[in-house]
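Observations on the model geometry
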Amino acid sequence: MKTVTLIEGDGIGPEIAAATVKAVEAAGGQIAWERADAGAGAVDKHKDPLPQATIDSIKKNQLALKGPLATPSGGGYRSVNVTLRQTFDLYANVRPVQTIPGVPSRYSNVDLVIVRENTEDLYAGVEHYIDPRRTAAESIAIITKFGSERVIMYAFEYARKHHRKKVTLVHKANILKMSNGLFLDCGREMAKRYPDIQFEDMIVDATAMKLVIAPEKFDVIVTMNLFGDILSDLTAGLVGGLGVAPAANIGDSGLAMFEAVHGTAPDIAGKGIANPTGLMLSAAMLLDHVHQDEAAARLRKGIHAALAKAETRTGDLGGKANTASYTEAVIAGMR
Ligand code: NAD
């Protein structure tokens with residue numbers, strides 16, 4: 001039995017979290033959930049979007065499953081997602097993207113994984129206006145050897161562990177010769193340690209085009225924060241959109257936080273019609289991570305069975321099912 005911190009989150013979070021907990025249990029996952037608050041709900045309850053008790057729970061368990069958290073635009077509190085990422089140094093964002101039979105999309109043969117560096121680059125938050133009248137601004141992309149090596153090594157290790165053949169490092173080193181050049185150099189050096197894995201590098205604009213023309217040519221992609229942010233939404237779009245996209249945030253010492261890629265969906269919150277697939281597939285990644293392989297396989301089998309039929313798909317995928325009936329179909333599909 002593994003204890004995992006469960007943050008239900010805001011908006012549709014509690015609905016999809018309940019569905020996911022039910023599906024994990026039906027799949028035979030040996031998980032004891034320790035509930036903790038974060039986001040807008042935690043502000044109402046504890047006057048703090050990220051209570052210390054939540055941080056302590058994640059620290060203790062080293063594992064978390066997280067629903068979406070509302071971030072106020074402009075003023076208000078800082079993004080809890082960013083704070084969590086920084087507090088636990090969750091440097092690798094892993095997003096597998098796979099065609100799921102039955103889910104409407106333009107492609108039928110996508111099976112790739114994006115490993116995005118999560119802490120550096122233009123997202124380091126170093127920016128300023130360079131004149132008092134604020135007519136010009138500067139944002140600094142920080143790339144370090146330490147940050148590059150650890151995420152690139154993670155990508156190679158992931159490839160080896162998951163029997164994948166190729167790592168593509170995506171960059172813009174032809175223009176950003178120092179920052180992106182450093183990331184590329186780290187990749188070339190690291191590739192020497194993994195002779196069993198094919199290595200290539202690709203300029204980001206060419207990658208965007210190739211992903212749209214021939215996504216089946218990609219296997220594991222490793223890239224910096226900004227390119228990873230953009231390309232991972234692009235690739236989610238190749239297989240039916242955000243509703244079915246899972247993610248893992250991995251830190252040192254094995255701490256890992258799993259979450260759906262989508263947000264709180266305020267427009268449909270409380271209606272019982274949200275699609276819990278993204279969070280369920282994130283829970284399957286969590287089961288993989290704790291070596292509960294049979295439960296993970298059973299959960300994925302159920303999800304694929306429910307998505308294969310129009311009548312058991314949720315509204316965002318063109319079906320008529322609600323969260324509860326979809327979850328029942330997932331559980332029935334495990335048998
Ligand atoms: P969103 O992903 O919440 O919603 C975009 C659209 O997709 C909406 O029409 C929504 O109904 C639909 N949608 C999303 N998930 C769905 C699901 N599971 N089932 C069915 N339909 C679904 O994006 P947004 O509207 O830009 O953001 C809303 C809030 O979520 C904001 O406060 C934002 O900061 C936050 N957010 C949080 C995370 C996170 O916690 N990881 C990620 C993205 C956005």
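Scope of this entry: the structure provided in the associated data block. (Residues numbered from 1 in each chain as written. Predicted model: local features only at pLDDT ≥ 70, side-chain atom pairs only at ≥ 80, totals over all residues. Heavy atoms only, no water.)

1. Here's the deal with the packing of helix H1 (residues 13-26) against helix H9 (residues 277-289)
At a minimum axis distance of 9 Å, the contact between H1 and H9 shows a crossing angle of 45 degrees. Classed by the angle they form, the pair H1 and H9 counts as oblique. Like other packed secondary-structure pairs, H1 and H9 cross with a definite hand, here right-handed. Where H1 approaches H9, its residues Ile 16, Ala 17, Ala 19, Thr 20, Ala 23 and Val 24 are matched on the opposing element by Leu 279, Met 280, Ala 283 and Leu 287. Of the residues contributing to the contact of H1 with H9, the split by class is nine nonpolar, one polar and no charged. (Axes fitted to C-alpha atoms, helices over the stretch in contact; angles between N-to-C directions. Helix = DSSP H or I, 4+ residues; strand = E, 2+ residues; numbered from the N terminus. Parallel < 35°, antiparallel > 145°, perpendicular 65-115°, else oblique. Left-handed = near helix turned anticlockwise from the far one by under 90°. Contact = heavy atoms within 4.5 Å. Nonpolar A, V, L, I, M, F, W, Y, C, P; charged D, E, K, R; others polar.)

2. So, H9
Compared with the 18 Å implied by 1.5 Å per residue over 13 residues, the 18 Å span of H9 between its first and last C-alpha is a close match. Across the 13 residues of H9, eleven count as buried, placing the element largely inside the fold. Listed as buried for H9 are Thr 277, Gly 278, Leu 279, Met 280, Leu 281, Ser 282, Ala 283, Ala 284, Met 285, Leu 286 and Leu 287. One or two residues past the end of H9 sits His 291, with phi positive at roughly 65 degrees. (Expected span 1.5 Å × (residues − 1). Buried < 20%, exposed > 50% of the residue type's maximum accessible area, 1.4 Å probe, protein only.)

3. Looking at the site of the ligand
The local shell around the ligand holds 19 residues, among which Leu 69, Gly 263, Ala 265, Asp 267 and Asn 275 are the closest. A distance of 3.5 Å is found between an oxygen atom of the ligand and a side-chain nitrogen or oxygen belonging to Lys 66. For the ligand, an oxygen atom lies 2.9 Å from a polar atom in the backbone of Leu 69. Summarising the interface, the protein chains cover 65% of the accessible area of the ligand, which totals 810 Å² for the free molecule. Along the lines of polarity and charge, the residues of the shell around the ligand split into nine nonpolar, six polar and four charged. (Near = heavy atom within 4 Å. Polar contact = N/O pair within 3.5 Å; in protein donor to acceptor, adjacent residues only side chain to side chain. Areas by Shrake-Rupley, 256 points an atom, 1.4 Å probe, with all protein chains shown as cover.)

4. Here we look at the layout of surface pockets
Computed from the structure, the largest pocket encloses a volume of approximately 700 Å³. What lines the largest pocket is a set of 31 residues, and nearest its centre among them are Pro 96, Tyr 158, His 162, Met 285 and Asp 288. Elements that contribute at least two residues to the lining of the largest pocket include exactly strand S4 (92-98), strand S5 (111-117), helix H5 (145-161), strand S11 (246-250), H9 and helix H10 (293-308). When the residues that make up the lining of the largest pocket are grouped by side-chain class, the tally is 18 nonpolar, six polar and seven charged. A volume near 530 Å³ is recorded for the second largest pocket. Taken together, 26 residues form the lining of the second largest pocket, with Asn 81, Arg 85, Arg 95, Arg 116 and Glu 259 sitting closest to its centre. Elements supplying a minimum of two residues to the lining of the second largest pocket: helix H4 (80-87), S4, helix H8 (225-238) and strand S12 (256-260). (1 Å grid on protein atoms, 1.4 Å probe; cavity = no way out; pocket = protein on both sides within 12 Å on 5 of 7 lines; lining within 4 Å. Points joined across faces, edges and corners; volume = space filled by probe spheres on them.)

5. Description of the environment of Ile 250
Within the element layout of this structure, Ile 250 appears in strand S11. Exposure remark for Ile 250: the relative accessible area of 6% places this residue in the buried category. Between the alpha carbons of Ile 250 and Tyr 91 there is a distance of 6.1 Å; along the sequence they are 159 residues apart. With near-sequence residues (within four places) excluded, Ile 250 lies in contact with Asp 89, Leu 90, Tyr 91, Ala 92, Val 94, Tyr 154, Leu 255, Ala 256 and His 289.

6. Things to note about helix H7 (residues 204-213)
Among the residues of H7, Val 204, Thr 207 and Leu 211 are the ones counted as buried. In a view along the axis of H7, the buried residues occupy a sector of 45 degrees, so they form one face of it. Buried residues along H7 sit against S5, strand S8 (166-171), strand S9 (198-203), strand S10 (220-223) and H8. (Arc of directions from axis to C-beta.)

The analysis is restricted to geometry; functional conclusions fall outside its scope.
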